[in-house]
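# Observations on chain architecture
Read off the chains here:
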Amino acid sequence: MGQTRSEPKAVDLALVRAGVLRRPGLLGADLRAALTDGYDRWLRDRFGDARGGVGLAAVGALGRREPAPYSDLDLVLLHDGRVKDVSKLADRLWYPIWDSGIALDHSVRTPGQALAVAKHDVKALLGLLDLRHLAGDDGLVRQLRQRVLDMWRATAQARFPELDELSRARWNVAGDGAFLLEPNLKDSRGGLRDALTLRGFALAQLIDLPPLARAALGDLLDLRGELHRAAGRADDVLRQQEHDAVAAALGLTAPDGRPDGDEVLRRANQAARVLSHTYEQAARRLAPARAPGGLRRLFGGDPRGVRRAGLAPDVVAHDGEVTQARDADPAADPGLVLRAARAAAENDLPLSEFTLRRLATAPALSLPWPAAPRADFVALLGAGPPAVGVLEALDFAGLLEPLIPEWAAVRSKAQHNPVHRYTVDRHLLEAAAEASTRTREVDRPDLLLVGAFLHDLGKGYPGDHSVVGAEHARTVVGRMGFGAADIEMITALVRNHLLLPDTATRRDLDDPVTIRTVAEAVGGSVRLLEMLHALTVADAAATGPGAWSDWKAGLVRELVLRTRAVLSGEQPTASPAVDEERCQLAADAKLAVRYRGDEVLVAAPDSVGVLYRTAGVLALHSLDVRSASIATVGGMAVNSFVVQPRFGTLPDPALLRADLTRAFAGELALADRLRAKERAYARGDRPGRPPTVTWFDDAATDATVLEIRAEDSIGLLCRLTAAFHRSGVDVRSALVSSLGGSVVDSFYVTTREGRPIPAEARADIELELRMI
């Protein structure tokens, strides 16, 4: 097999990579080229002198000369079946790579074996298109690549459905990269895997890969390279905590000079949007016989023999797409854009690329909009999920912004609340789609749909997004031609879209002041109350799984029922502070723990520190407190805690009682155990910040409402209530709302004498709270 050169040390390959990453100024394509050159040289040296019948080739990122800093090395050792000791050569190549800590995907095959795998595995076939010679028998590698290319070109069209199914299954897991706040640069829809699929079909000469798509691929590769470098590992999810580091590496700065993490996300979203659009256009060309659901509904069966059908004036379905009629003249028809979009959404069909280009010639609608385009727009929103794709296509083609200029402010706009999964623009589209499922719950579904579409428009502008957004929404719907009363209703929907969830989770529903406050906020309108209820549910569903729960839904529903009763003329009344079961526990005059569904009742002799010690024990048992009601009956503290286990189910009440006994006796070392538990579950990427404190004087009956915003931690409620204890503050009730690692805790507090907290005492209380 010939002589070999002196072998590098096992650590050399890791040192090669480290040396490249230390070189200043290496970014983007230059970084990828330097990594490729370094890996290639090392592998050639390791392989040794040229020899016949065996060759080393790269596939994957290295084969394409596009490695990220911590990409796997994908290598193929090809042999003709006659060379001896191939396994020894393989060991000499693979083991030093493993020893260096670099991930390796490897195979040893003859060309025939490689082709056999490719024949039955479309992903392997697509990967072999990247085959690149590194060392040894160049002819062996070149011959295999040509045979792979011939196989691919002969079967690519037929194998598209299989690849498409795999792609869509992957998207179901990794989501849509065009709108996610933490997209997977590789696996999300519009990610690198989709770009490689498109490149494969372009290599088969079945599609063209437009310059915009090539540029998008370059952007994703640049982002991935700096993401790997910032994370120090092979991580393809562009997590929010890495956005600023990637921005700094790429020289992306905000107007204030700080790294612009939002621009990093915008580039990732925009690249994915371009590649997603390119993929869908390719899919229509590669699988024209695919039967869209809209065609099946239109024609009641197999639509493949149907060529053209009318959908609306000058709008037809043709070959599975919505297009303009032959004699349509978009340049003379301002309403055609929304009429075609409505037809596409209602029939679950895509707008053809040709039609989108032609629609761009349509003149602007007169202002205010005529009734017909306004009705088409409302019907488009009412089509539900199919409207999301249609509106996205309009936006991609530059047709949405002329209709709604304010859309530019929210396009690809990042959201910094971790509970959100989408950018602002996609969230608005999803909220409107969710609202379409609740139109039977309100008497003006058109106003609900438009309100959902606009509710977060203010996030594109400085200031309180509810207040600012309401004024922008007023402008938008005025331009659309809604009447004065409808404009006021939509404006109120946008301004108050957080009223119900914030009140339900931060205020005591048993306090008459809470119900009167909501009744006043909706201006006495049952219609607005019901539409806000429907919008609240739609907004939460469009936000993400962490934004809604049965508990929150129940609180909002109860708030709506009580407010509706007041609007109907009933007077709000306070519920009894202590129910019969709690009275019975108090009468027993001993420490007791009882479960009532997700409610934990704790009775204990009233003494100093009962509340914070109870909160601490609940935290030790991994119970997150959602709300708490505090009462004293006959010398017994009888407190109620609505809880949710962080893991598993509620613990045995006997265990809780035992730990409470020790905690009340001072034998549990509660503070030390809580600190240890918090360290075990702490997120190292979240810098600690002191809580913010806000006082509300008129939000409660005979108490002051104190709202605390802080980063969530296991022992937070214990520390807060302990701080109240040290400050001489009594807690009457508490509501805890946790979203995405942050909490908003609302406490109804009084002085020891049962009066609201005076203004002059608040500074010392705030100081104590900020020191927790």
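Computed from a predicted structure; not experimentally measured.

For the protein chain, the count of helices and strands is 31 helices and 16 strands. Along the longest, intermediate and shortest principal axes, the C-alpha atoms of the protein chain span 95 × 75 × 50 Å. Residue burial in the protein chain is summarised as follows: out of 772 residues, 53% are buried. The long-range fraction of contacts in the protein chain, counting pairs at least 24 apart against all pairs at least 6 apart in sequence, stands at 69%. Element-wise, carbon and sulfur atoms account for 51% of the exposed surface of the protein chain, whose accessible area totals about 33,300 Å².

Spatially, four strands are ordered S3-S2-S1-S4 in an open sheet, and the strand pairing comes out mixed. The open sheet is flanked by strand S3 (104–109) and strand S4 (132–136), the only strands paired with a single partner. Between one strand axis and the next, the sheet turns through 25° on average, direction left out of account. Where strand S1 (residues 54–59) lies against S4, four bridges are found, and the strand directions are antiparallel. Its bridge partner being in S4, alanine 57 is matched across the sheet by histidine 133. Here helix H5 (residues 111–120) sits on the sheet in contact with strand S2 (73–79) and S3, set at roughly 120° to S3.

Another point: the packing of helix H22 (residues 499–506) against helix H25 (residues 550–567). Relative placement of two packed helices is described by the angle separating their axes and the distance separating the axes. Following both chains from N to C, one finds H22 and H25 inclined at 105°, their axes separated by 9 Å at the closest point. The pairing of H22 with H25 is recorded here as roughly perpendicular in orientation. Along the contact surface, H22 presents Leu500, Pro501, Thr503, Ala504 and Thr505, while H25 presents Trp551, Lys552, Leu555, Val556, Leu559 and Val560. Along the lines of polarity and charge, the residues of the contact of H22 with H25 split into eight nonpolar, two polar and one charged.

Below, the discussion takes up helix H19 (residues 445–454). Most of H19 is tucked away, with nine of its ten residues classed as buried. Every buried residue of H19 is accounted for by Asp446, Leu447, Leu448, Leu449, Val450, Gly451, Ala452, Phe453 and Leu454. Buried residues in H19 make contact with helix H15 (371–382), helix H16 (385–396), helix H18 (424–435), helix H20 (465–480), helix H21 (484–495) and helix H24 (526–543).

This next bit is on the packing of aromatic side chains. Scanning all chains against the criterion turns up nine aromatic pairs. Between tryptophan 369 and phenylalanine 377, the aromatic rings sit 5.9 Å apart at their centres with planes inclined by 85°, giving edge-to-face as the arrangement. Here tryptophan 369 matches phenylalanine 377 in class, with each residue buried. Here phenylalanine 377 and phenylalanine 453 contribute two aromatic rings whose centre-to-centre distance is 5.4 Å and whose plane-to-plane angle is 75°, an arrangement assigned as edge-to-face. Of this pair, phenylalanine 377 sits in helix H15 while phenylalanine 453 is found in helix H19, placing the two residues 76 residues apart along the sequence. Here phenylalanine 453 falls in the buried class, since its relative accessible area comes to 0%. Of note, arginine 189 hangs over the ring of tryptophan 171, and the distance from its end group to the ring centre comes to 4.9 Å. One cation-aromatic arrangement involves arginine 374 over phenylalanine 482; the distance from NZ or CZ to the ring centre is 5.7 Å.

Counting through the fold element by element, histidine 277 comes out in helix H11 (residues 261–286). What makes histidine 277 buried here is its relative accessible area of 17%. Only 3.2 Å separates the side chain of histidine 277 from the side chain of glutamate 353, close enough to count as a polar contact. For histidine 277, the contacting residues outside a window of four places in its chain are Glu353 and Phe396.

Look at H22 against helix H23 (residues 512–521): their axes get within 11 Å of each other, and the N-to-C directions meet at 175°. The angle between H22 and H23 places the two elements in the roughly antiparallel class. Residues Leu499, Leu500 and Thr503 of H22 form the contact with H23, whose participating residues are Thr514, Val518 and Ala521. A class-by-class count of the residues in the contact of H22 with H23 yields four nonpolar, two polar and no charged.

Further remarks concern the environment of leucine 660. Inspection of the secondary structure puts leucine 660 in helix H28 (residues 653–664). Separated by 46 residues in sequence, leucine 660 and threonine 614 place their C-alpha atoms 6.6 Å apart. With residues up to four places along the chain from it excluded, the contact list for leucine 660 reads Leu591, Val593, Val602, Arg613, Thr614 and Val617.

Now for unusual backbone geometry. With omega at -10°, the peptide bond leading from leucine 367 into proline 368 counts as cis. Structurally, proline 368 can be placed in the loop between helix H14 (353–359) and H15. The phi torsion at aspartate 85 lies on the positive side, around 60°, for a residue other than glycine. Looking at the secondary structure, you find aspartate 85 in the loop between S2 and helix H4 (86–100). The backbone phi angle of alanine 669 is positive, close to 50°, even though this residue is not glycine. Among the structural elements, alanine 669 can be located in the loop between H28 and helix H29 (670–681).

Moving on, we get to the pattern of salt bridges. Overall, the coordinates contain 58 salt bridges when judged by the stated rule. Between arginine 267 and glutamate 263 there is a salt bridge; the shortest N-O distance is 3.1 Å. One end of the pair, arginine 267, and the other, glutamate 263, are both in helix H11, four residues apart, so they sit about a helical turn from each other. Its salt-bridge partner being aspartate 697, residue arginine 762 comes within 2.4 Å of it at the nearest N-O pair. Highlighted residues: arginine 762 in helix H31 (residues 762–770) and aspartate 697 in the loop between strand S13 (692–696) and strand S14 (704–711), separated in sequence by 65 residues. A relative accessible area of 12% places arginine 762 in the buried class. Linked through salt bridges whose partners overlap, the residues forming this network are Asp164, Arg168, Asp176, Arg189, Glu280, Arg426 and Glu430.

Moving on to the pairing of strand S7 (residues 321–324). Burial along S7 is two-sided: the residues Glu321 and Thr323 and Val322 and Gln324 are all buried. With four bridges joining them, strand S6 (residues 315–318) and S7 adopt antiparallel strand pairing. Within the sheet, the bridge partner assigned to valine 316 lies in S7 and is threonine 323. Remark: two residues form the turn of the hairpin made by S6 and S7, two consecutive strands paired antiparallel; aspartate 319 in that turn has positive phi of roughly 50°.

With that settled, consider the nonpolar core. Grouped together as the largest cluster of nonpolar side chains are 83 residues, with contacts concentrated most on Phe377, Leu380, Leu394, Phe453, Leu454 and Phe482. Core analysis: the next-biggest nonpolar cluster, separate from the first, contains 53 residues, Leu126, Leu144, Val148 and Val246 among them.

Taken in spatial order, the three strands make up an open sheet running S5-S6-S7, and their pairing is antiparallel. One side of each edge strand has no neighbouring strand; the edge strands of this open sheet are strand S5 (308–312) and S7. Each strand axis lies, on average, 40° off the axis of its neighbour in the sheet, ignoring direction. Bridge count for S5 against S6 is four bridges, and the pairing is antiparallel. Each bridged residue has a counterpart across the sheet, and for glycine 310 the counterpart in S6 is valine 316. This element, helix H13 (residues 336–346), spans S5, S6 and S7 of the sheet and lies at about 40° to S6.

For the protein chain, the average pLDDT comes to 90, and 94% of its residues sit at 70 or higher. Counting interchain partners and residues more than four positions distant, the pLDDT-below-50 stretch residues 1–10 has 17 contacts. pLDDT under 50 marks residues 301–305. Its contacts with residues more than four places away, or in other chains, come to five contacts.

Conventions and cut-offs
Residues numbered from 1 in each chain as written. Predicted model: local features only at pLDDT ≥ 70, side-chain atom pairs only at ≥ 80, totals over all residues. Heavy atoms only, no water. Helix = DSSP H or I, 4+ residues; strand = E, 2+ residues; numbered from the N terminus. Buried < 20%, exposed > 50% of the residue type's maximum accessible area, 1.4 Å probe, protein only. Contact = heavy atoms within 4.5 Å. Areas by Shrake-Rupley, 256 points an atom, 1.4 Å probe, with all protein chains shown as cover. Pairing = 2+ DSSP bridges. Axes fitted to C-alpha atoms, helices over the stretch in contact; angles between N-to-C directions. Parallel < 35°, antiparallel > 145°, perpendicular 65-115°, else oblique. Nonpolar A, V, L, I, M, F, W, Y, C, P; charged D, E, K, R; others polar. Phe/Tyr/Trp six-rings, centres within 6.5 Å; stacked < 30°, edge-to-face > 60°. Lys NZ or Arg CZ within 6 Å of the ring centre and 35° of its normal. Polar contact = N/O pair within 3.5 Å; in protein donor to acceptor, adjacent residues only side chain to side chain. Salt bridge = Lys/Arg side-chain N within 4 Å of Asp/Glu carboxyl O. Core = buried A, V, L, I, M, F, W, Y, C linked by side-chain atoms within 4.5 Å. pLDDT = per-residue confidence, 0-100.

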